Amino acid sequence: MEVKVGDILVMKKKHPCGADRWQVLRIGQDLRLKCLGCEHEMMVARVKIEKSVKKVERGSVG
């Protein structure tokens, strides 16, 4: 999966805050993501993310 910094990932499951969109802040073996609903940030293994992404939107928000 081709992911770049600034992309928006639309996930299959929603975050507890109700949002399903995450912005990519950093890439590598792990991805640093920011929830666009509550702005919670977390690091997740790339392998886990690839399984749970519904689609990738190019560009950044705001």
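None of these values were measured; they are calculated from a predicted model.

Colleague: Sorry, what's going on with the sheet that holds strand β2 (residues 21-26) here?
Modeller: Paired through backbone hydrogen bonds, the strands of a sheet run either parallel or antiparallel to each other. Taken in spatial order, the five strands line up as β4-β3-β2-β1-β5 in an open sheet, and their pairing is antiparallel. Each edge of the open sheet carries a strand with a single partner, namely β4 (41-45) and β5 (53-57). Across the sheet, the axes of successive neighbouring strands diverge by a mean angle of 35°, strand direction being ignored. Here β2 pairs with strand β3 (residues 30-35) via four bridges, running antiparallel. Considered in β3, the bridge of Gln23 is made with Lys34.

Colleague: What should I look at first to understand the side chain of Asp7 in this one?
Modeller: Checked against the element boundaries, Asp7 lands in the segment before β1 (8-11). Take Asp7: its relative accessible area is 3%, and that puts it in the buried class. At 2.3 Å, the side chain of Asp7 forms a polar contact with the side chain of Arg58. Non-local contacts of Asp7, meaning those with residues more than four positions away in its chain, are made with Glu2, Trp22, Gln23, Val24, Val56, Glu57, Arg58 and Gly59.

Colleague: Would you mind going over the environment of His40 with me for this structure?
Modeller: Along the chain, the position of His40 falls in the loop between β3 and β4. Taking the relative accessible area as the measure of exposure, His40 reaches 40% and is therefore partly exposed. When the C-alpha atoms of His40 and Lys14 are compared, they prove to be 13 Å apart, with 26 residues separating the residues in sequence.

Colleague: Would you mind showing me how to read the pairing of β2 here?
Modeller: Regular strands have side chains that alternate between both faces of the sheet. As paired strands, β1 and β2 are joined by three bridges and run antiparallel to one another. The partner of Leu9 across the bridge, within β2, is Trp22.

Colleague: Honestly, the state of the cysteines in this entry has me stumped. Any pointers?
Modeller: As used here, a disulfide is simply a covalent bond connecting the sulfur atoms of two cysteines. Applying the stated criterion across every chain, the model contains zero disulfides. The cysteine Cys17 is free of any disulfide, with Cys35 supplying the nearest cysteine sulfur at 3.5 Å.

Definitions and cut-offs
Residues numbered from 1 in each chain as written. Predicted model: local features only at pLDDT ≥ 70, side-chain atom pairs only at ≥ 80, totals over all residues. Heavy atoms only, no water. Pairing = 2+ DSSP bridges. Helix = DSSP H or I, 4+ residues; strand = E, 2+ residues; numbered from the N terminus. Axes fitted to C-alpha atoms, helices over the stretch in contact; angles between N-to-C directions. Buried < 20%, exposed > 50% of the residue type's maximum accessible area, 1.4 Å probe, protein only. Polar contact = N/O pair within 3.5 Å; in protein donor to acceptor, adjacent residues only side chain to side chain. Contact = heavy atoms within 4.5 Å. Disulfide = S-S within 2.5 Å.

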